[in-house]
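Chain by chain, the residues:
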Amino acid sequence: MNSIEDGNKQTSNNNGNSNTPAPNDANSNQPPNNKERENWASGLEFLMSCISVSVGLGNIWRFPFTAYENGGGAFLIPYIVVLFLIGKPMYYLEVLLGQFTSKSSVKVWSICPSFMGVGIGQAYAGVTVLTYYSSLLALTLYYFIASFYNPLPWSYCREEWGSNCVDSNSKATNGDNYTSFNDRPTSSSEMYFIKQVIREYDDISEGIGLPSWRLTLALFVAWLTTFLVIVRGVKTAGKAAYFLAIFPYVILITLLIRAVTLDGAIDGIIFFLKPNWSELLNLKVWKEAVVQCFFSLAVGLGPIVMFSSYNKFNHNSHRDAIIVTSLDTVTSLIAGITIFGILGNLAHNLNISNIDEVVRSGTGLAFISYPDAIAKFNGVPQLFAVLFFIMLFVLGIGTLVAQANTLVAILCDHFKWMKAWMVALATSIGGFLCGIIYVTPAGQWILNLVDYYGATFVIFGLALFQIIGVAWVYGLQNFCDDVEFMSRMRVSFYWRICWAVITPLLLLFIFVYSMAELKTLQYAGMDYPESANIAGWVLLAIGFVQFPLWFIWTTTSNCGGSLWNALQKACSPSDEWGPSNPDVRKQWLMFKTEAQEKRNAKLKSDNSSSLFWRKVKNTFFSST
């Protein structure tokens, strides 16, 4: 297996000798059964598509409630640190893998066939996210239709909701002191979400119940919209991305302006921005920052690899990676300020002194706080409600389209006989049927379970193996040579040290901590029944077992000689690794050979230190 010290071991030299051949041998100019891949009409379409998937409900829905559960401002510092040390390096790595090979997130593992289980496990995690993500769009469509009513149906209390309910359209209330969370004053927007929209059970042991026909219809519309976009291919998705990426910002900024002008908003914003320094020592906060970073940027799921695989070979992906990851963070901060401004206003209206006691956290936070703010608009709140939920739907569709397209690309890359429209149709039908369980009275319970076991740990657990496979098995110098050939630009020290050392070590540390501290899952402070936790562990096991199973299968299928030789072959790049264009591929093989020769000559001429430190210096600081 290659490592940093192995330099560019796998490249064949001009004499026909090679230490672990680069795609089998240097005369292999074209991978078998390869066909020209469709490209974006322009580089801007790729950028907009990446924005539409990375800037989505992860920012508007997940980031605020994750920050809410982890001390507000105490969460921001770990999140920004994690963004630079894990988020950006992982994002850029995935962009490069897809663009260099023009393949999907499973096929890129021709770089190291024994790690194919990483790609399959990530695809599995993507499918679990796909099943529940569409249910959030169903909720969005439900609220969109409700937004046309006057008054807004969540702005006022019903008699059956009890005396603790407070109208969301009221400016202030004289709430009484309360002794427990359940006795606190509750806004009508929260009661509407729980009692009217999802009709949530108090305990999942009652069963899951029957799906809401309204939410089921909304779920169907969400998947129909997704199908109509993905069935036309990448060019149509690219055109749609302009609207999917730009329109939401107009509404989000409008809502931000309104949120910061509400009474008491400043208290909520201060809670969000002011860090509690003691929380920085809480490893749970750092773990949640990593999870949020992965969900927000959509890394570890496949869409970024899929989108970049449609790039032209020499596209400036470095610029795009910096733009998207930076814009994603700015959007999360805007959404956070908006949400916490609203929570500050809710605390003011309910006479609650602690911001973290205003509403029950969880997936419903965005469907409680945002509508509550809209109910307080002095003029035409219906118009703002309609625009807001259109924005939320557009954000969600961007991500759903990307995730569905990822599955379509994976299947079509592997099964060449499959028609893309047939796979798109099957994906949409399957996604709709799986999504129905989330629109039952126990839907939010199940969503929380699937998100926790089937996605969260699988995603950033496999990301650790992903970066190890590239930087340590294939070899950091090998990969940097590939990137330099593609971009005509040397890979900087920042990317090299993150890929090889900082990012894998941080991921390993956070993952080990997460597994050691894994506790019984709860929803709204209530425990799940034992059967639900067992089902959750099964979901987790299916995702994780992919890596060892495929590692063993790949190794044993190459076992023509000794086990060590089989292992070496399974961990060496296959014929399919490299540029898909045969002319570019020939130039790449020549470039790799020349780069290795120059590096070897430089090592021999430099006697200033030991061979080990000369190789380290060559890998991290020297140009080819």
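Residues numbered from 1 in each chain as written. Predicted model: local features only at pLDDT ≥ 70, side-chain atom pairs only at ≥ 80, totals over all residues. Heavy atoms only, no water.

What follows deals with the overall build of the protein chain. Looking only at helices and strands, one finds 20 helices and 4 strands in the protein chain. Here the protein chain holds 624 residues, and 59% of them are scored as buried. If you take every contact in the protein chain between residues at least 6 apart in sequence, the share linking residues at least 24 apart comes to 84%. Carbon and sulfur atoms form 62% of the exposed surface of the protein chain, whose accessible area is close to 24400 Å². (Helix = DSSP H or I, 4+ residues; strand = E, 2+ residues; numbered from the N terminus. Buried < 20%, exposed > 50% of the residue type's maximum accessible area, 1.4 Å probe, protein only. Contact = heavy atoms within 4.5 Å. Areas by Shrake-Rupley, 256 points an atom, 1.4 Å probe, with all protein chains shown as cover.)

Counting residues in each nonpolar core, the largest one holds 181 residues, and the members touching the most others are Phe-294 and Trp-499. In this view, Phe-294 contacts Ile-86, Met-90, Val-299, Ile-459, Phe-460, Ala-463 and Leu-507; residues no more than four positions away in its chain are not counted. (Core = buried A, V, L, I, M, F, W, Y, C linked by side-chain atoms within 4.5 Å.)

Turning our attention to the packing of aromatic side chains. In total, this model carries 43 aromatic pairs according to the counting rule given. Seen from their ring centres, Phe-388 and Phe-389 are 4.9 Å apart, and the 70° between their planes marks the pair as edge-to-face. Ring centres of Trp-445 and Tyr-528 lie 5.2 Å apart, and the angle between their planes is 80°; this geometry places the pair in the edge-to-face category. Remark: Tyr-528 occurs in the loop between strand 4 (526-527) and helix 17 (530-557) and Trp-445 occurs in helix 15 (residues 443-487); sequence separation between them is 83 residues. Here Trp-445 falls in the buried class, since its relative accessible area comes to 0%. Clustering of aromatic rings is evident, with ring pairs tying together Tyr-142, Tyr-143, Trp-154, Tyr-192, Phe-193, Phe-367, Phe-388 and Phe-389. A cation over a ring is seen here: Lys-88 above Phe-84, with NZ or CZ 5.4 Å from the ring centre. (Phe/Tyr/Trp six-rings, centres within 6.5 Å; stacked < 30°, edge-to-face > 60°. Lys NZ or Arg CZ within 6 Å of the ring centre and 35° of its normal.)

As a further point, take the UniProt feature "binding site: Na(+)" (unreviewed entry) in the protein chain. The positions that UniProt labels "binding site: Na(+)" (unreviewed entry) are, in the present scheme, Val-55, Asn-59, Ser-296 and Leu-395. Spanning 341 residues, the named residues form one tight spatial group whose C-alpha atoms are at most 12.1 Å apart. Relative to the assigned elements, Asn-59 resides in helix 2 (residues 57-69). Apart from the residues within four sequence positions on either side, Asn-59 is in contact with Ser-54, Pro-64, Ser-296, Asp-328, Thr-331, Ser-332 and Ala-335. (UniProt positions renumbered as here; feature names shortened; annotations may be inferred.)

A separate point is the state of the cysteines. On inspection of all chains with the given rule, the structure shows 1 disulfide. The side chain of Cys-157 participates in a disulfide bridge whose partner is Cys-165; the two sulfur atoms lie 2.0 Å from each other. Across the disulfide from Cys-157 to Cys-165, rotation about the S-S bond amounts to roughly -85°, and the bridge is consequently left-handed. With relative accessibility at 21%, the residue Cys-157 sits in the partly exposed group. (Disulfide = S-S within 2.5 Å.)

With that out of the way, let us pick up unusual backbone geometry. The omega torsion of the bond from Asn-150 to Pro-151 falls at 0°, within 30 degrees of zero and hence cis. Position of Pro-151 among the secondary structure elements: in the loop between helix 4 (116-146) and strand 1 (165-166). In this structure, Ser-102 takes a positive phi of about 55° despite not being glycine. Unusually for a residue other than glycine, Ala-298 sits at a positive phi of about 65°. Position of Ala-298 among the secondary structure elements: in the loop between helix 9 (283-297) and helix 10 (303-308).

In this section: the packing of helix 4 against helix 6 (residues 213-230). Angle between the axes and distance between the axes: these two values describe a pair of packed helices. Contact geometry of helix 4 with helix 6 gives a least axis separation of 8 Å together with a crossing angle of 115°. On the basis of their axis angle, the class for helix 4 and helix 6 is roughly perpendicular. The handedness of the crossing between helix 4 and helix 6 comes out as right-handed. Listed contacts from helix 6 to Leu-130, Ser-134, Ser-135, Leu-137, Ala-138, Leu-139, Leu-141 and Tyr-142 of helix 4 are Arg-214, Leu-215, Ala-218, Leu-219, Val-221, Ala-222 and Trp-223. In the contact of helix 4 with helix 6, the residues fall into 12 nonpolar, 2 polar and 1 charged. (Axes fitted to C-alpha atoms, helices over the stretch in contact; angles between N-to-C directions. Parallel < 35°, antiparallel > 145°, perpendicular 65-115°, else oblique. Left-handed = near helix turned anticlockwise from the far one by under 90°. Nonpolar A, V, L, I, M, F, W, Y, C, P; charged D, E, K, R; others polar.)

Along the chain, the position of Thr-101 falls in helix 3 (residues 73-101). The exposure class of Thr-101 is buried, given its relative accessible area of 0%. The contact partners of Thr-101, leaving out residues within four places of it in the chain, are Val-108, Trp-577, Gly-578 and Ser-580. At 2.9 Å, the side chain of Thr-101 forms a polar contact with the backbone oxygen of Leu-97. (Polar contact = N/O pair within 3.5 Å; in protein donor to acceptor, adjacent residues only side chain to side chain.)

The next thing to look at is the packing of helix 9 against helix 15. Packing of helix 9 against helix 15 leaves a shortest axis separation of 10 Å and a crossing angle of 90°. One way to sum up the angle between helix 9 and helix 15 is to call them roughly perpendicular. On helix 15, the residues that touch Lys-287, Val-290, Val-291, Phe-294 and Phe-295 of helix 9 are Asp-451, Ala-455, Thr-456, Phe-457, Ile-459, Phe-460 and Ala-463. When its residues are assigned to classes, the contact of helix 9 with helix 15 shows 9 nonpolar, 1 polar and 2 charged.

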